[in-house]
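Tertiary structure, described
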Amino acid sequence: MQDLKISRRVFIGAAMYLVSAPIFASSLIKSNKLLKIETSGQFYSALELTVLTDVAEIMIPKTTTPGATDAHVVNILDGLMLTWAGAKTKLQFKTTIEQIQTLANDTHGTSYADLPLNLRQQLIEELDLAAFNNKQTTLSANYRRLKEMIFHIYYTSEQANPDFKLIPGSYHGNLSKQDLNKINSGFLI
Amino acid sequence: MKQGYDVIVVGSGMTGGWAAKEFCEKGFKTLVIERGRHLDHPSTEYKDMQAPWQLENRGLASEIYDEQGRYRMLKTKKKKLKTESIQFFADEKEYPYSYPEDRPFMWTRGYHLGGRSLTWARVSLRFGPKDFEANAKDGHGIPWPIGYDDLAPWYDYVETFAGISGNNDGLPDQPAGVYQKPWDMSCAEEFVSQNIAKNLKDRHMIIGRTANMTEPTEVQTNLGRTKCQARSYCERGCTFGGYFSALAATLPAAKNTGNLTIVTDAIASHIDYDEKTGKALGC
């Protein structure tokens, strides 16, 4: 039997993490590979969280590196809407979700969450292209802002920065590949 | 009992810190008055020991500040308000200042011990001989009463204590100084620099001269300062004292003499002036 021991430090650490990034109850819908969020967050409804989680994962999919879901991007975003976002951003991000739902209905005659994965990916890819090709529309501004925030949260996550060193110790402005390999092997140069 | 001082320094930033150090080291009982709050060094307000995911709001200051029209100066300059550094800047809505309508100016302030020396840009270039002569040669203004040679020993003095990294590039407009080992250029910078040298003989791309230490001296180490970690976290405050600030360098040096008294959260409202002697008596 596995020996489970949770020290006080581990418990407190885990509790602090839960405060900053609560894990939403979710289930994977196998038929269309959608991660359905079952409960509402602090700011977003369960349906909005489902759309956001999917859109974020399409933007930053899990490959050999962690995806947006691994980095708890939407969990963090939900919290930030209360501690960081102003009224304009709150409205902007809610509107973006509504606009994505409208796009799905207008294009495929069904809700975003009911679309198969390939159509959801296609929808977001086309929205992305359109948003950056024509930056004058409200949809473009809303979408680009949301995308910027999703990437900001991802890039500032622990999961996306496995090699982060708070105290690097030294600086080399111009390294050869051989020197870099030496450093990565633990040598000082 | 009323405490008397030989010297009162108003403000504890870049200039106040230096003044306090010099007076204290010369044996003067010195009082520094700072209008802002007290900060230790290292300070609990420094954010340089937090990973990106540990920063409040992932480093983004609340948009409520925008909605309330606060920190406009900082926003104009930095574009984004950040939780890692906003604590070191004064909010002009809380501390307003006035100016003639036709002559507005930007005034960035930091109300805490050490002042703006915590958030300065750290670029540390000397004036060259030409800078003292150019206006007279062009027929503008009043000729400087001093030349580069008068100032050079003082540059040496300041650079030696502060810890400036840079290269003596042999350029008359950028005179040699007392520099610690320069920072490396990146491969892209090296490439551009070499090609400029090859193709434009009168143009030079050199590494910056900056108050970020690369080889701390014994004096600097004894003040608790260590070399810069090249993290670009300077505005968060530096636990290492890797860049020069009043809080990390001049004020600790002044304190070590036993002649320094610091009073924070105190504004000097006036200066008592003796018309007979032409000197300040106190404030």
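Computed from a predicted model, the values in this text were never measured in an experiment. (Residues numbered from 1 in each chain as written. Chains lettered and ligands numbered in written order. Predicted model: local features only at pLDDT ≥ 70, side-chain atom pairs only at ≥ 80, totals over all residues. Heavy atoms only, no water.)

Check the secondary structure of chain A and you find seven helices and two strands. For chain A, the α and β elements follow one another from N to C terminus as α-β-β-α-α-α-α-α-α. Out of the 189 residues in chain A, the part that is buried amounts to 34%. Accessible surface computed for chain A: about 11400 Å², of which carbon and sulfur atoms make up 57%. (Helix = DSSP H or I, 4+ residues; strand = E, 2+ residues; numbered from the N terminus. Buried < 20%, exposed > 50% of the residue type's maximum accessible area, 1.4 Å probe, protein only. Areas by Shrake-Rupley, 256 points an atom, 1.4 Å probe, with all protein chains shown as cover.)

That bond from histidine 41 of chain B to proline 42 of chain B is cis: its omega, -10 degrees, falls within 30 degrees of zero. With respect to the helices, strands and loops of the structure, proline 42 of chain B is situated in the loop between β2 (30-33) and α2 (64-67). The residue histidine 72 of chain A is not glycine, and still its phi comes out positive at about 55 degrees. Among the structural elements, histidine 72 of chain A can be located in the loop between α2 (46-59) and α3 (73-83). Of note, alanine 230 of chain B is a non-glycine position whose phi angle comes to about 55 degrees, a positive value. Relative to the helices and strands, alanine 230 of chain B resides in the loop between α7 (218-222) and α8 (246-256). For alanine 230 of chain B, a relative accessible area of 31% gives the class partly exposed.

Before going further, it helps to spend a moment on the packing of helix α4 (residues 87-108) of chain A against helix α6 (residues 138-155) of chain A. When two helices pack together, their arrangement is captured by the angle between the axes and the distance separating the axes. Residues and elements named next belong to chain A. Where α4 meets α6, the axes come as close as 9 Å, and the angle between the chain directions of the two elements is 110 degrees. When the interaxial angle is binned, α4 and α6 end up roughly perpendicular. Relative to α6, α4 is oriented so that their crossing is left-handed. Between α4 and α6, the residues in contact are Thr89, Gln92, Phe93, Thr95, Thr96, Gln99 and Leu103 and Leu139, Ala141, Asn142, Tyr143, Arg145, Leu146 and Met149, respectively. By residue class, the composition of the contact of α4 with α6 is seven nonpolar, six polar and one charged. (Axes fitted to C-alpha atoms, helices over the stretch in contact; angles between N-to-C directions. Parallel < 35°, antiparallel > 145°, perpendicular 65-115°, else oblique. Left-handed = near helix turned anticlockwise from the far one by under 90°. Contact = heavy atoms within 4.5 Å. Nonpolar A, V, L, I, M, F, W, Y, C, P; charged D, E, K, R; others polar.)

Let's shift gears to the environment of leucine 117 of chain A. Inspection of the secondary structure puts leucine 117 of chain A in helix α5 (residues 117-133). Leave out the neighbours within four places in its chain, and leucine 117 of chain A touches Asn32 and Lys33 of chain A.

On the surface, Tyr99, Phe105 and Trp107 of chain B cluster together into a nonpolar patch covering about 320 Å² of accessible area. Judged by relative accessible area, which is 40%, tyrosine 99 of chain B ranks as partly exposed. (Patch = residues over 30% accessible without salt bridge, like charges linked within 9 Å, V, L, I, M, F, W, Y side chains within 5 Å. Salt bridge = Lys/Arg side-chain N within 4 Å of Asp/Glu carboxyl O.)

It is worth spelling out the interface of chain A and chain B at this point. Counting from both sides, the interface comprises 28 residues of chain A and, opposite them, 27 residues of chain B. For the pair chain A and chain B, the two sides together bury roughly 2200 Å², of which 55% comes from carbon and sulfur. Counting the contacts that link chain A with chain B gives two salt bridges. Between glutamate 148 of chain A and lysine 80 of chain B there is a salt bridge, with the nearest N and O atoms lying 3.3 Å from each other. Summed over the shared surface of chain A and chain B, the number is 16 residue pairs in polar contact (both at pLDDT 80 or more). Those elements giving two or more residues to the side of chain A that touches chain B turn out to be α3, α4 and α6 of chain A. With five residues, α6 of chain A is the single largest residue contributor to the side of chain A that touches chain B. Considered class by class, the residues forming the side of chain A that touches chain B number twelve nonpolar, twelve polar and four charged. (Buried area = accessible area lost by both parts, 1.4 Å probe. Polar contact = N/O pair within 3.5 Å; in protein donor to acceptor, adjacent residues only side chain to side chain.)

Right, let's get into the UniProt feature "domain: Glucose-methanol-choline oxidoreductase N-terminal" (unreviewed entry) in chain B. Residues annotated by UniProt as "domain: Glucose-methanol-choline oxidoreductase N-terminal" (unreviewed entry) correspond here to residues 6-282 of chain B. Annotated as residues 6-282 of chain B, this span is 28% helix and 8% strand, and its ends, taken at the C-alpha atoms, are 9 Å apart. (UniProt positions renumbered as here; feature names shortened; annotations may be inferred.)

Turning to the nonpolar core, a few remarks are in order. With 39 residues, the main nonpolar core has Tyr44, Leu77, Phe93, Ile100, Tyr112 and Met149 of chain A as its most contacted residues. When contributions to this core are tallied by element, the ones reaching two or more residues are α2, α3, α4, α5 and α6 of chain A. The element contributing the most residues to this core is α2 of chain A, with seven residues. Not counting the four nearest positions on each side in its chain, isoleucine 100 of chain A is found in contact with Val51, Val55, Tyr112, Leu123, Ile124 and Leu127 of chain A. Judged by nonpolar contacts, the second largest core, of 36 residues, contains Tyr71, Ile86, Phe88 and Cys238 of chain B. (Core = buried A, V, L, I, M, F, W, Y, C linked by side-chain atoms within 4.5 Å.)

Our next topic: empty space enclosed by the protein. All names here are of chain B. All chains considered together, the criterion is met by one cavity of 30 Å³ or more. In this model, the largest cavity occupies a volume close to 90 Å³. Lining of the largest cavity is provided by Asp48, Cys228, Gln229, Ala230, Arg231, Ser232, Tyr233, Cys234, Gly237, Cys238, Phe240 and Tyr243. Considering only residue class, the lining of the largest cavity consists of seven nonpolar, three polar and two charged. (1 Å grid on protein atoms, 1.4 Å probe; cavity = no way out; pocket = protein on both sides within 12 Å on 5 of 7 lines; lining within 4 Å. Points joined across faces, edges and corners; volume = space filled by probe spheres on them.)

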